[in-house]
Amino acid sequence: MFARLFNKLHLTRGQKANALAYGAVVAVGAGITLMIMSAMEGENAIPPEPTLFDNWVILAGGIAAGLALFLSRNWLGGSGALGLARAVVASVLVTFVAALIAGTLVAPFYGTLAAPFILLSQFTAVPPLAVAWFGVLFGAHALIGIWRNERNWGQSGSAVSQLSDLSRANLYGNTYRH
């Protein structure tokens, strides 16, 4: 099903990887928000018929995770030891910013202050939750690396990418990036 959708959208391999990275981070962010909400409110966190607020909290977690990944996208996808070090810093940054944004969306003042501490306490109490979150962030780092590599080397299938390096340098200078 997804293969047919991606074929109709005419996405390149790197664009598919980038979309998958964002989709995974948004889905796991929403899932972690659901788990944190259920841990805080107990077994009655999600009733059989969830209220609009319950749905908003879960959606806010996904939105916040995607937005935090977008804000730190320049830190992800690098290669080598420096790329890995930047990914470690970016994963901590994404975690903190996602908690701030989700807390602000759920409860504008109190949530902004409390959400990072709640997330840290849940990661401490349930280490598999932290492993899952940082695992998906490092997976996003690898997927964004595929997209960045394609973009840097001009393998997108456009007419410009079919030119030789010398022709691209003569026509567009050293600043051309597809």
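In what follows, the structure referred to is the one given above.
In this report, the structure presented in the accompanying data block is examined. None of these values were measured; they are calculated from a predicted model. (Residues numbered from 1 in each chain as written. Predicted model: local features only at pLDDT ≥ 70, side-chain atom pairs only at ≥ 80, totals over all residues. Heavy atoms only, no water.)

A few points about the packing of helix α3 (residues 52-71) against helix α4 (residues 80-106)
Thinking step 1. Their axes nearest at 8 Å, the elements α3 and α4 cross at an angle of 145°. In the packing of α3 onto α4, the handedness of the crossing is right-handed. Touching Phe53, Trp56, Val57, Ala60, Gly61, Ile63, Ala64, Ala65, Leu67, Ala68, Leu69 and Leu71 of α3 are Val94, Val97, Ala98, Ile101, Ala102, Leu105 and Val106, all from α4.
Thinking step 2. Taken together, the residues of the contact of α3 with α4 break down into 18 nonpolar, one polar and no charged. (Axes fitted to C-alpha atoms, helices over the stretch in contact; angles between N-to-C directions. Helix = DSSP H or I, 4+ residues; strand = E, 2+ residues; numbered from the N terminus. Left-handed = near helix turned anticlockwise from the far one by under 90°. Contact = heavy atoms within 4.5 Å. Nonpolar A, V, L, I, M, F, W, Y, C, P; charged D, E, K, R; others polar.)

Observations regarding the packing of α4 against helix α5 (residues 110-125)
Thinking step 1. One can describe the packing of α4 onto α5 by two numbers: an axis separation of 7 Å at closest approach and a directional angle of 130°. As summarised for this structure, α4 and α5 are arranged oblique, according to the angle between their axes. Seen from above, α4 lies across α5 with right-handed handedness. Residue-level contacts link Thr95, Phe96, Ala99, Leu100, Gly103 and Thr104 of α4 to Gly111, Thr112, Ala115, Pro116, Leu119 and Phe123 of α5.
Thinking step 2. Partitioned by chemical class, the residues of the contact of α4 with α5 number seven nonpolar, five polar and no charged. (Parallel < 35°, antiparallel > 145°, perpendicular 65-115°, else oblique.)

Brief notes about the environment of Leu129
Thinking step 1. On the secondary structure map, Leu129 appears in helix α6 (residues 127-153).
Thinking step 2. Spatially, the C-alpha atoms of Leu129 and Met35 are 8.8 Å apart, while their sequence positions differ by 94 residues.
Thinking step 3. Excluding its chain neighbours within four sequence positions, the residues that come into contact with Leu129 are Ile32, Met35, Ile36, Gln122 and Phe123.

Points about the nonpolar core
Thinking step 1. Val25, Ile32, Leu76, Leu119, Phe123 and Trp133 are the most contacted members of the largest nonpolar core, which has 23 residues in total.
Thinking step 2. The set of elements that each furnish at least two residues to this core consists of α2 (13-41), α3, α4, α5 and α6.
Thinking step 3. Here this core takes seven residues from α6, the largest share from any one element.
Thinking step 4. Setting aside chain neighbours within four positions, we find Phe123 in contact with Thr95, Leu129, Ala130, Trp133 and Phe134. (Core = buried A, V, L, I, M, F, W, Y, C linked by side-chain atoms within 4.5 Å. Buried < 20%, exposed > 50% of the residue type's maximum accessible area, 1.4 Å probe, protein only.)

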